[in-house]
Amino acid sequence: MLNNTYIHIPGVGKGLEQKIWAQGIHTWEEFLKMKDRIPIPSSRKARICEEIRKSSERLAAKDHCFFSQCLPSAEHWRAYSLFSDSAAFVDIETTGLSRSRDKITIVGIYDGKESKIYIKDINLDNIVEEFSKYKLLVTFNGARFDLPFIKSEFPEIEFKQLHIDLMYPLRRIGYKGGLKNIEKLLGISRGDDTEDLTGFDAVRLWRQYERGDQEALDKLIKYNQEDIVNLKTIIELTYPRMVENALKT
């Protein structure tokens, strides 16, 4: 979908992007060949062509920072198919909802093959290096919660990656509510011992672990792992619909 995209180009809004698509021009390559179909001044076409060539070069170089900066944040999902080989699916657990009072207890990162769990007072500091490995982050409600929480505790982390907060593109295609509700709508199941757990249970399990209950930590880790693995399942199931919805003219 990224190489069907024009709204990252200065001066191109969603209206013009829709007009381009309506002319049967979808990819950047097609625009360069069929630009005369677009009823805009030739000088403007020339600027768009120049930006398309630049975008093609940056995409060939897998320059995620370029697209992270010029693509509207609500449209970062468009980059998924072309940057999924360097994606991290991220979810955190905390002692509460306040960044000023509460602390991160667990950060889970799934690279599509392996789940990596970082735990407070054990190996949590290792997330600084881990995040630097990825070009794309995928979260659910991460723009408002997970990433700001991480940044408050680890200000040295520079989140320059593309970031897909799945909550928003999912809403556009009719999937509303929390992560667990959307999982059920998509037929994604969890383990019997974690199916009914909530964020409040995650806080409770951490408190039990602090009192010496190792099994509580094990369950919390499993809960977090299911979150991050299911994020990948969700986007894989819904990405085609996101593309179809966006391309409607």
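Since the model is a prediction, treat every value here as computed from it, not as a measurement.

**Quick look at the sheet that holds strand β3 (residues 115-119)**
Item 1. Sheet architecture is open: 5 strands sit in the order β3-β2-β1-β4-β5, paired in mixed fashion. Edge strands, defined here as strands with exactly one partner in the open sheet, are β3 and β5 (162-165). Sheet twist, expressed as the mean angle between neighbouring strand axes with direction ignored, is 25°.
Item 2. Alignment of strand β4 (residues 136-139) against β5, held across 4 bridges, turns out to be parallel. Its bridge partner being in β5, V138 is matched across the sheet by I164.

**Quick notes on the domain arrangement of the protein**
Item 1. Taken domain by domain, the protein consists of domain 1 (2-61) and domain 2 (81-248).
Item 2. Here domain 1 and domain 2 have C-alpha centroids that lie 34 Å from each other.
Item 3. Contacts between domain 1 and domain 2 engage 8 residues on the former and 7 residues on the latter.
Item 4. Of the roughly 540 Å² buried between domain 1 and domain 2, counting both surfaces, carbon and sulfur atoms make up 61%.

**Digging into the environment of K120**
Item 1. Position of K120 relative to the elements: it lies in the loop between β3 and α6 (127-131).
Item 2. Looking at K120, the relative accessible area reads 22%, which means it is partly exposed.
Item 3. For K120 and G212, which are 92 residues apart along the polypeptide, the C-alpha to C-alpha distance reads 15 Å.
Item 4. Here K120 is in contact with K103, I104, T105 and W206, once residues within four sequence places are set aside.

**Side note on the side chain of K116**
Item 1. Structurally, the position occupied by K116 is in strand β3.
Item 2. A distance of 3.0 Å separates a polar atom in the side chain of K116 from a polar atom in the side chain of E130.
Item 3. Those residues in contact with K116 that sit more than four places away from it in its chain are V107, G108, I109, D111, E130, K133 and Y134.

**Some details on helix α10 (residues 199-210)**
Item 1. Compared with an ideal rise of 1.5 Å per residue, which puts 12 residues at 16 Å, α10 spans 17 Å between its outermost C-alpha atoms and is within 8% of the ideal.
Item 2. Within the span of α10, buried status applies to D201, A202, L205, W206, Q208 and Y209. Buried residues of α10, viewed axially, fall in a sector of 160°; they line one side.
Item 3. As for α10, its buried residues are in contact with β1 (87-94), β2 (104-110), β3 and α11 (214-246).
Item 4. Phi turns positive one or two residues past the end of α10, at G212, with a value near 105°.

**Re unusual backbone geometry**
Item 1. Even without a glycine there, the phi angle at K62 is positive, about 50°.
Item 2. Among the structural elements, K62 can be located in the loop between α3 (42-60) and α4 (64-70).
Item 3. Its identity as a non-glycine residue notwithstanding, N141 has a phi of 65°, on the positive side.
Item 4. The topology assignment puts N141 in the loop between β4 and α7 (142-153).

**Remarks on the packing of aromatic side chains**
Item 1. Applying the stated criterion across every chain, the model contains 10 aromatic pairs.
Item 2. A ring pair is formed by Y6 and F31, whose centres lie 5.7 Å apart and whose planes are at 45°; its orientation type is tilted. Note that Y6 is positioned in the segment before α1 (14-22) and F31 in helix α2 (residues 28-34), a separation of 25 residues in sequence.
Item 3. A residue is classified by how much of its surface remains accessible, and F31, at 0% relative accessible area, is buried.
Item 4. Ring centres of W206 and Y209 lie 4.9 Å apart, and the angle between their planes is 50°; this geometry places the pair in the tilted category. Taken together, the residues span about one helical turn, with W206 and Y209 both in helix α10 at a distance of 3 residues.
Item 5. Chaining the aromatic ring pairs together yields one cluster made of W28, F66, F67 and F83.

**Remarks on the packing of α10 against α11**
Item 1. Contact geometry for α10 and α11: axes closest at 7 Å, N-to-C directions at 150°. Note that α10 runs across α11; the crossing there is left-handed. In contact with G199, A202, L205, W206, Q208 and Y209 of α10, α11 contributes Q214, A216, L217, K219, L220 and Y223.

**A closer look at the environment of R37**
Item 1. In this structure, R37 sits in the loop between α2 and α3.
Item 2. On the accessibility criterion, R37 (45% relative accessible area) is partly exposed.
Item 3. Spatially, the C-alpha atom of R37 lies 8.5 Å from that of I20, the residues being 17 residues apart in sequence.
Item 4. For R37, the side chain forms a polar contact with the main-chain oxygen of Q23, separated by 2.8 Å.

Cut-off values and rules
Residues numbered from 1 in each chain as written. Predicted model: local features only at pLDDT ≥ 70, side-chain atom pairs only at ≥ 80, totals over all residues. Heavy atoms only, no water. Pairing = 2+ DSSP bridges. Helix = DSSP H or I, 4+ residues; strand = E, 2+ residues; numbered from the N terminus. Axes fitted to C-alpha atoms, helices over the stretch in contact; angles between N-to-C directions. Domains from an automatic or database assignment. Contact = heavy atoms within 4.5 Å. Buried area = accessible area lost by both parts, 1.4 Å probe. Buried < 20%, exposed > 50% of the residue type's maximum accessible area, 1.4 Å probe, protein only. Polar contact = N/O pair within 3.5 Å; in protein donor to acceptor, adjacent residues only side chain to side chain. Expected span 1.5 Å × (residues − 1). Arc of directions from axis to C-beta. Phe/Tyr/Trp six-rings, centres within 6.5 Å; stacked < 30°, edge-to-face > 60°. Left-handed = near helix turned anticlockwise from the far one by under 90°.

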